[in-house]
Amino acid sequence: MADKIGVFICTGYGIAEALDVEALVKVVTEERGVPFCRTVESCEGSDLAEIIRDIEAEELDKVVIAGISGRCDEVTVFPANVIVEKVALREHVVWCQPPGEEDTQMLAEDYLRMYIAKIEKMKPVEPFQPEDEIDRTILVVGGGVTGLTSALAAARTGYEVRLVEQADRLGGRLADQYKSVPTRPPYRELEDTGIETLIAEVEGHPRIKVYKSAETGGITGAPGLFDVTLRASGRDRSAPEIVDEFRVGAVVQATGWRPSDPREHLSYGQVPDVILNVDLERMVKEQGRITRPSDGRSVKSIAFIQCGGSRDPDHHSYCSSICCLTSLKQAMYLRESDDQAKAFIFYEFIRTPAQYEDFYRRAQEDPGVFLTRGDVTDVARDDTGDLMVSVNDTMLGEQIRVKVDLVVLAAGMQPNSADGEAIRAFEEAKVTAEDGESEIQRQDAADKVEKLRHHEGTEILNLAYRQGPDLPVLEFGFPDSHFICFPYESRRTGIYPAGAVRQPMDGVASRDDALGAALKAIQCVEMTARGEAVHPRAGDTSHPDFFLQRCTQCKRCTEECPFGVLNEDEKGTPLLEVTRCRRCGVCMGACPERIVSFQDYSVEIVAAMIKAVDVPDEFEEKPRILALMCENDAMPALDLAGRRRLHLNPHVRVVPVRCLGSVNVEWINQAVSMGFDGVLLIGCKYGDDNQCHFIKGSELAHSRGDNIREKLEKMALESQRVELHQFQISDYETLPGIFDDFVEVIEEIGMNPFKGM
Ligand code: SF4
Ligand code: SF4
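Since the model is a prediction, treat every value here as computed from it, not as a measurement.

(A) Spotlight on the overall build of the protein. Helix and strand counts for the protein come out as 20 helices and 29 strands. With the principal axes as the frame, the protein shows a C-alpha extent of 100 × 60 × 55 Å. For the protein, with 757 residues in total, the buried portion stands at 48%. Pairs at least 24 apart in sequence give 69% of the contacts found in the protein among residues at least 6 apart.

Set out below in C-alpha cells:
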C-alpha cells in the first residue's frame, strides 16, 4: 500500500499575511496530489499537539510541516515510524522576502513542491544492529595521569575497563616528578603529585583490569566491536608474545608526550651539564638533590632557558604550555634545598595562565630567583668546568654573561603520536622552503612540507584500517580533531585522544581532558548500541547502503571516506564497517555509479527535490539558482539570515546537504539540464585551522569542481555557472551578498540555453 502523506501549512508567523495560503494548498492537493492538507495557526505548543493528533487519527506515514525551521522549534516526539520533514516558510521565505509579491509566492510554492517530492522518496530508517552484541568495555591505552583518570572515571560510571601501559609501572611522566606546581589556593606552595593514590585506586578497582609491560599489537573492527590483541612490549615484533585478546567498545588513547629533541641547541648533547627539565625532575625525584652530571658536585646556580625549541618558527612553533611553570617549580627545588643558591630564568615571555600567576609572583618575590627577559645566544664551558651563559637582555638592551653550575633547557612537549624523524624532516623542510638558496631548492622543500604535514603516526594503536595503523595527525603529530566544535573527536570513530597526546597541557588540564574522553567513549558505546551516529550527526540512525552488484571497484568511496569506514576486499569491493560511519554521505558524493544511498538521503531523493522546482521559461526573465548548502554551518546561517530579516535573493532555491562532500555531480548535471541557470555550492571552510565538520568533505567538493567544470564545458556551458564557497556560520550576514552576486554573474552571462528543452 502506498504511503499516506499529509501536509500541514502554518498560517501564523506572518505567513498568511505574506503568502496566498489557498494557492499553497492547491499546490499540495491539486498539483502534487497529496490526499491530506490542513492549515494550522502555528506548529508549536497546543497547535503542534493537534498536528500530532491528526497524524494519528489520519494514520499518516509521512508528514510535511511548513512553518518554522526545524532548528528553531521545540524538541518534539512524533509518532513512531512517521517520517516528518519541516519547511522553514518563516525563516527562508516570509522573513527574508517582501510580502505579497509574486517571487515570494513562487519561492514558497517551490519549497512545498521540493519537500513533498523529498518525502515521497524517503524510506523509514531502521537503526543498524550488528549480529554481535555491542561491547561496552572501554580500552584505555596509556597508564599516565590521563589514562588512569580516564579509566577510573569510566569504571566509576559502571563500565568495564582494560588499561594498557607499555612500561612496567603506572604513572607515566607524573611518576617521575618530585612535586607538582600549586593547584590549590593560595597557589604558592608546591604539592605532592598524588600519583601514588591514583595508581592505588586504579589497581584496586574491581572493574579495571591493568596490563603493564604491554602494548596494542592490533585493533580490528569498529566501535562496539573492536577486537584487541595485546602483546608484550619491547619484544621482538616479528615474534610477538601475545598477552591477551579481547573485545571492547571504544578506545581512549592517552599515550602522553615526550620532550622534544633540542638537537644541539645551546650545547645540549655536547656539554654534559646542559640538561633538559625532565632530566632535572628525575634527578630530584631519585636522589633528592641537584648535582652536576659531569662531576657529581652539588649545584649552587642554575640557568633555566625557556622555550627550548618551542615557539620557535624553525622548530615547534607552538607553546608547550607547561615549561614556564616547570622552570619556576624547579627554581623552587633549588632555593628550598639551599637558600644561598641562585636560579636564573631567561625567557622571552613567561606564560603562567589563570591562578598560576600567583605562583609566578611568589618566584618574583624570591631574592634568589632572577627572571630576565632575554635571548640566550650561547652556552660555553670555561676552563674550570663552569658554564658561561651569554644573553642579550632585551629589557636593558645589553649583552650579559652569567656563570652557572648547570643549564636546564625547558624542552617542549612532543606528542607520542608524533614520528620524531618525520617531524624533524618537516621542520627542516619548512626552513628550507623559506630560506633555501635557489628557487628549485625552495620549491622542492615546499613540496616536502606538504607531503610531511599530515605524516602518519607511530603504530601505537596498530589499527587494521585501510588508511593506516594510527589516528591521522596534524603537522606536529597531534591527532587531528575538530578543534572548534568537538575537540575530543578523532578521524577514527570510537577512538578518543586525551591529555598531552592531544595538545600540550599540564596535569590539571590532563585530568579534565581524561574525563571528557571517558565520557565520549561511553557516549560512543551507548549510541552505537542504539544504532545511532556519534558527532557531528549525533543521534542519526540512518546508515549507508551499498548496492554492490553494480560496484565497479573504482575505490573512490574507500579512498575518500574521511573516517576510514570502508576497507576493501582483494578485488577492491568496499567492505563497510557501519559502526565506524559518521553518516556524512561523502561516499555517496564520490560514487560515479550512484549506488550508495541512505534511507532518508540519496542521489534519488535530492534529484527529486531539484526536479520538483518549477523552473520558469526563458521569456519570464526569472533566473533560477540551485544552492546546495551544507547542514553544518551554511544552513543554520540561512536560518540566522532569516531571523535577522536579511533580504535574500528570491531566485535561489536551497537544498540542504549533509556535507558538501556528499554532493553527487549528477545533481548538478540534472539541474543544468532542466534549466537552472546556475548552481551554488556552499560548505564549511576547510584546512587544519577551519575544519569542515566531516574533515575533508568540503575540500573534496572543491577538488571535484574541476570535473564539474569539464562537464559544463562539454555541454557548451560557461564554467561560471557553478560557484563554490567556503563559509562559516558567523558569516551569515554575507549570505545575501553571495546570492545577489551570483545572480548578477548569471544575468551577465545570460540564461541557461537548456531552459525549456
Ligand atoms: S563517507 Fe561518510 S557516510 Fe560514507 S562510509 Fe564514510 S563516514 Fe560513512
Ligand atoms: S565509489 Fe561506488 S563504484 Fe566505486 S568502489 Fe565505491 S561503491 Fe564501488
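(B) Expanded view of the pairing of strand S6 (residues 161-164). Here S6 shows no split at all, with Val-161 and Leu-163 on one side and Arg-162 and Val-164 on the other all buried. Bridge analysis of strand S5 (residues 138-141) against S6 gives four bridges, and the strand direction is parallel. By the bridge assignment for S6, Val-141 is matched with Val-164. A crossover connection joins S5 to the parallel S6 through helix H6 (residues 145-156); in handedness this β-α-β unit is right-handed. Looking at chain direction, S6 and strand S7 (residues 208-211) are connected through four bridges and run parallel.

(C) Structural context of the site of ligand 2. Surrounding ligand 2, one finds 14 residues, the nearest of these being Cys-551, Cys-554, Arg-556, Cys-557 and Cys-591. Residues that form the shell around ligand 2 fall into these classes: nine nonpolar, two polar and three charged.

(D) Seen up close, the nonpolar core. Within the largest apolar cluster, 221 residues are counted, with the highest numbers of intra-cluster contacts made by Phe-304 and Val-407. Of the residues forming this core, the biggest block, nine residues, is contributed by helix H5 (residues 102-121). Setting aside chain neighbours within four positions, we find Val-407 in contact with Leu-266, Asp-273, Val-274, Ala-303, Ile-305, Val-379, Leu-387 and Val-389.

(E) Region of the structure containing the sheet that holds strand S10 (residues 242-248). Spatial ordering of the open sheet is given by S8-S9-S10, a layout of three strands whose pairing is antiparallel. The open sheet terminates on both sides in strands that have one partner only, identified here as strand S8 (214-220) and S10. Each neighbouring strand pair of the sheet contributes to a mean axis angle of 25 degrees, computed without reference to strand direction. Sheet topology places strand S9 (residues 226-232) next to S10; six bridges connect them, and they run antiparallel. In the sheet register, Val-228 faces S10, and the bridge partner there is Phe-246.

(F) Representation of the pairing of strand S11 (residues 250-253). Covered by surrounding structure in S11 are Ala-250 and Val-252 together with Val-251 and Gln-253, the residues of both alternating faces. Sheet topology note: the S5/S11 ladder contains four bridges and is parallel. Paired with Val-141 across the strands is Gln-253, a residue of S11. As defined by bridge partners, S11 adjoins strand S21 (residues 495-497) across three bridges and the pair is classed as parallel. When the bridges of S21 are listed, Val-251 appears paired with Ile-495.

(G) Main features of unusual backbone geometry. The omega torsion of the bond from Pro-185 to Pro-186 falls at 0 degrees, within 30 degrees of zero and hence cis. Backbone torsion omega between His-535 and Pro-536 reads -5 degrees, so that peptide bond is classified as cis. Along the polypeptide, Pro-536 turns up in the loop between helix H13 (507-529) and strand S22 (545-546). In this model, Ser-321 sits at a positive phi of 70 degrees, which is unusual for a non-glycine residue. Residue classification places Ser-321 among the partly exposed residues on the basis of 18 C-beta atoms within 10 Å.

(H) Representation of the sheet that holds strand S1 (residues 5-10) within the structure. Strands sit in the order S2-S1-S3-S4 across an open sheet of four strands; the sheet is parallel. Strands at the two margins of the open sheet, each flanked by one partner only, are strand S2 (36-40) and strand S4 (83-87). Each neighbouring strand pair of the sheet contributes to a mean axis angle of 15 degrees, computed without reference to strand direction. Sheet topology places S1 next to strand S3 (residues 62-66); five bridges connect them, and they run parallel.

(I) Main features of the domain arrangement of the protein. On domain assignment, one finds that the protein holds domain 1 (1-122), domain 2 (138-256 + 456-529), domain 3 (259-415), domain 4 (420-451) and domain 5 (602-757). Taking only C-alpha atoms into account, the centre of domain 3 sits 57 Å from that of domain 5.

(J) A look at the site of ligand 1. In the vicinity of ligand 1, the contacting residues are Pro-544, Cys-561, Phe-563, Val-565, Leu-566, Cys-581, Arg-582, Arg-583, Cys-584, Gly-585, Val-586 and Cys-587. In terms of residue class, the shell around ligand 1 is made up of nine nonpolar, one polar and two charged.

(K) Expanded view of the packing of helix H18 (residues 665-673) against helix H19 (residues 697-714). Contact pair H18 / H19: the axes reach a minimum separation of 11 Å and the direction vectors enclose 30 degrees. Between H18 and H19, the angle is such that the two are roughly parallel. Where H18 crosses over H19, the two elements pack in a sense that is right-handed. Residue-level inspection shows Val-665, Ile-668, Asn-669 and Val-672 of H18 in contact with H19, the latter providing Arg-704, Asn-707, Ile-708, Lys-711 and Leu-712. Within the contact of H18 with H19, the residues separate by chemical class into five nonpolar, two polar and two charged.

(L) Representation of the environment of Lys-755 in the model. Among the secondary structure elements, Lys-755 is positioned in the segment after helix H20 (735-749). A C-alpha to C-alpha distance of 8.2 Å links Lys-755 and Pro-616, two positions 139 residues apart in sequence. Other than its neighbours up to four places away in sequence, Lys-755 contacts Val-615, Asp-617, Glu-618 and Gly-675.

(M) Just the packing of helix H9 (residues 323-337) against helix H10 (residues 356-365), in detail. One can describe the packing of H9 onto H10 by two numbers: an axis separation of 10 Å at closest approach and a directional angle of 40 degrees. Considering the angle they form, H9 stands oblique to H10. Relative to H10, the crossing made by H9 is left-handed. Counted together, Leu-325, Leu-328 and Ala-331 of H9 and Tyr-356, Phe-359, Tyr-360 and Ala-363 of H10 form the full contact between these two elements. Residues that form the contact of H9 with H10 fall into these classes: seven nonpolar, no polar and no charged.

(N) Representation of H6 in the model. The end-to-end C-alpha distance of H6, which contains 12 residues, comes to 16 Å, matching closely the 16 Å that a straight helix rising 1.5 Å per residue would cover. For H6, the buried fraction is high: 11 of the 12 residues fall into the buried class. Inspection of H6 places Val-145, Thr-146, Gly-147, Leu-148, Thr-149, Ser-150, Ala-151, Leu-152, Ala-153, Ala-154 and Ala-155 among the buried residues, and these make up the whole buried set. Tucked into the core, H6 has its buried residues touching S5, S6, helix H7 (195-204), S7, S11 and H13. Backbone geometry just downstream of H6 places Gly-158 in the positive-phi region, at approximately 110 degrees.

Each value, and the rule that gives it
Residues numbered from 1 in each chain as written. Chains lettered and ligands numbered in written order. Predicted model: local features only at pLDDT ≥ 70, side-chain atom pairs only at ≥ 80, totals over all residues. Helix = DSSP H or I, 4+ residues; strand = E, 2+ residues; numbered from the N terminus. Buried ≥ 20, exposed ≤ 12 C-beta atoms within 10 Å, placed from the backbone. Contact = placed C-beta atoms within 7 Å. Pairing = 2+ DSSP bridges. Right-handed = clockwise from strand over helix to strand, strands pointing away. Near = placed C-beta within 6 Å. Nonpolar A, V, L, I, M, F, W, Y, C, P; charged D, E, K, R; others polar. Core = buried A, V, L, I, M, F, W, Y, C linked by C-beta atoms within 7 Å. Axes fitted to C-alpha atoms, helices over the stretch in contact; angles between N-to-C directions. Domains from an automatic or database assignment. Parallel < 35°, antiparallel > 145°, perpendicular 65-115°, else oblique. Left-handed = near helix turned anticlockwise from the far one by under 90°. Expected span 1.5 Å × (residues − 1).

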